[in-house]
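Letter by letter, the chains look like this.
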Amino acid sequence: MKKKSLQQHDHDCHVSLMRPNFLFPVSALDNGLALTPTMGWLHWERFMCNTDCDADPKNCIREELFMEMTDVMVKEGWKDAGYEFVCIDDCWPSHERDAQGRLQADPKRFPSGIKKLADYVHAKGLKLGIYADVGTRTCAGYPGTLGYYDIDAKTFADWGVDLLKFDGCFMPDWSQLGEGYMNMSRALNQTGRSIVYSCEWPLYEWPHQQPDYEAIRKTCNHWRNYGDVYDQWTSVKSILDWTADHQKILVPVAGPGGWNDPDMLIIGNFGLSHNQQQTQMALWAIMAAPLLMSNDLRNICPKAKELLQNKQIIAINQDPLGMQGHRTLKGDSFEVWERPLSGNRLAVAVMNRQEIGGPRRFIISVATLPSWQLCDPKCNVTQILPVYQEMGVQNLFSEVMVQVNPTGTTLLTVSPIKSNPHDTL
């Protein structure tokens, strides 16, 4: 791997601009769901396939874990902040289907069954997500859905499931991935129950060919494109880099009803500094990503909780215009990402990719941010991260200086101020 230069640049940033041209076509999966990105909690990154409930009852994959997360989401403000799904990932089923060919929950770890768990979650005003796989087995080796699409969809609907994460492991012929995902989409819709459909179709097709995103968007409510997130900064960076490198393909297909999924939020775990956690939260908002936390909400530090529940960041993520943001500038170890918002507003994230030194200055102006044109004649600028700060009324020729910590991100919103026709020039 080529080693990057660690030379520090303390001066103001003057870099060449990359202004991608995007078209915004495409029709979504018409199930009326996920009109804004899905928000909730998913067990995988933090709890993985821990099935040893004798040795580790507090952290193993069993019904109590999901009941406790449900309780905490209601009591600790997560539900009020917009997080509504409690999602089971892999390793929940029995290793055998029942006599009727149906999936069944592991009887020792889920003795009450999934329907009772769904009832519990629903009674608290939340929704339940579950996991299955398009192939012969799940990624962890549990029964897959290949050949059982209709029966599994009906089973999930009968149980009261509200979201299905449908993985792509162990498909005997990768060229049948699309057919499998479309079959499950059709089977879910035929149940008559509203079930958000989270796919991994493009993730498993990219190694072979560029996926057909128009077909994917008509089939799924969100879709994973890239590998699993790990609890480390290197992983978050690689997801951002891959997304930016493919943004001309990805950005046009995102919108109400269908979203690119860069994987789980790992905020509140072990591997990210607070600045890096702010970067993940800010950029997932810019990318219009599903906000699916994978952490232990029963034991999370106050700063991580405050960040995850930040109303201004969530408002950017959930903006009803539903346009995914993209990277517009890269240079001098800075990146600028922009997202158009409703009301002709703009969200701007300035990330410092340098991993040495201290905070660095970045000048936001019409030179570094052509979208600054919306500040003609005037605009209001608000800094949301690293700390909330009203930066006041600006104009087309303003230069707004922000400080950005190493591996951190400064997040802003820019709102145009309409000129008053009674103003005299």
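Provided above is the structure to which this section pertains.
Residues numbered from 1 in each chain as written. Predicted model: local features only at pLDDT ≥ 70, side-chain atom pairs only at ≥ 80, totals over all residues. Heavy atoms only, no water.

Moving on to the packing of helix α2 (residues 63–75) against helix α4 (residues 114–123). Look at α2 against α4: their axes get within 10 Å of each other, and the N-to-C directions meet at 10°. Regarding the angle of α2 to α4, the classification is roughly parallel. Facing α2, whose interface residues are Glu 63, Phe 66, Met 67, Thr 70 and Asp 71, α4 presents Leu 117, Tyr 120 and Val 121. (Axes fitted to C-alpha atoms, helices over the stretch in contact; angles between N-to-C directions. Helix = DSSP H or I, 4+ residues; strand = E, 2+ residues; numbered from the N terminus. Parallel < 35°, antiparallel > 145°, perpendicular 65-115°, else oblique. Contact = heavy atoms within 4.5 Å.)

What follows deals with the layout of surface pockets. Empty space within the second largest pocket amounts to approximately 260 Å³. Forming the boundary of the second largest pocket are 17 residues, of which Trp 44, Met 48, Asp 228, Val 229 and Met 264 lie nearest the centre. Sorting the residues of the lining of the second largest pocket by element identifies α1 (44–47) and β4 (163–167) as the ones contributing at least two each. When the residues that make up the lining of the second largest pocket are grouped by side-chain class, the tally is eight nonpolar, no polar and nine charged. (1 Å grid on protein atoms, 1.4 Å probe; cavity = no way out; pocket = protein on both sides within 12 Å on 5 of 7 lines; lining within 4 Å. Points joined across faces, edges and corners; volume = space filled by probe spheres on them. Nonpolar A, V, L, I, M, F, W, Y, C, P; charged D, E, K, R; others polar.)

Moving on, we come to the sheet that holds strand β11 (residues 345–352). Pairing within the open sheet is antiparallel, and its six strands lie in the order β9-β10-β11-β16-β13-β14. The two strands at the open ends of the sheet, each matched to only one other strand, are β9 (326–331) and β14 (389–395). Sheet twist, expressed as the mean angle between neighbouring strand axes with direction ignored, is 20°. (Pairing = 2+ DSSP bridges.)

Below, the discussion takes up the environment of Leu 29. Its place among the elements puts Leu 29 in the segment before β1 (39–42). Note on Leu 29: relative accessible area 7%, which makes it buried. Sequence-wise, Leu 29 and Cys 220 are 191 residues apart; in three dimensions their C-alpha atoms are separated by 6.0 Å. With sequence-adjacent residues up to four places away left out, Leu 29 is seen in contact with Ser 185, Asn 189, Arg 217, Lys 218, Thr 219, Cys 220 and Asn 221. (Buried < 20%, exposed > 50% of the residue type's maximum accessible area, 1.4 Å probe, protein only.)

For the rest of this paragraph, the subject is empty space enclosed by the protein. Taken as a whole, this structure holds two cavities of 30 Å³ or more when the rule is applied. The calculated volume of the largest cavity comes to roughly 100 Å³. Considering the residues around the largest cavity, the lining is formed by Leu 42, Cys 87, Leu 163, Lys 165, Phe 166, Ser 198, Cys 199, Glu 200, Arg 224, Asp 261, Asp 263 and Leu 292. Contributing elements (two or more residues each) for the lining of the largest cavity: β4 and β5 (196–199). Of the residues in the lining of the largest cavity, the class split is six nonpolar, one polar and five charged. Taken as a whole, the second largest cavity spans an internal volume of roughly 90 Å³. Forming the boundary of the second largest cavity are Asn 225, Tyr 226, Ile 239, Trp 242, Thr 243, Leu 250, Asn 260, Asp 261, Pro 262, Met 287, Ala 289 and Gln 324. Only α9 (233–245) and β7 (259–261) provide two or more residues apiece to the lining of the second largest cavity. If one sorts the elements of the lining of the second largest cavity by residue count, α9 sits on top with three residues. Its residues assigned to classes, the lining of the second largest cavity comprises seven nonpolar, four polar and one charged.

For the rest of this paragraph, the subject is the nonpolar core. Core analysis: the biggest nonpolar cluster contains 102 residues, and Tyr 83 and Trp 92 have the highest contact counts within it. Taken domain by domain, the makeup of this core includes at least three residues from each of domain 1 (39–318) and domain 2 (326–416). Counting 21 residues, the second largest nonpolar core, distinct from the first, contains Val 336, Leu 346, Val 348 and Val 414. (Core = buried A, V, L, I, M, F, W, Y, C linked by side-chain atoms within 4.5 Å. Domains from an automatic or database assignment.)

Position of Lys 237 among the secondary structure elements: in helix α9. Here Glu 355 takes part through its side chain, which lies 2.7 Å from a polar atom of the side chain of Lys 237. Leaving out residues up to four positions away in the same chain, Lys 237 has contacts with Arg 353 and Glu 355. (Polar contact = N/O pair within 3.5 Å; in protein donor to acceptor, adjacent residues only side chain to side chain.)

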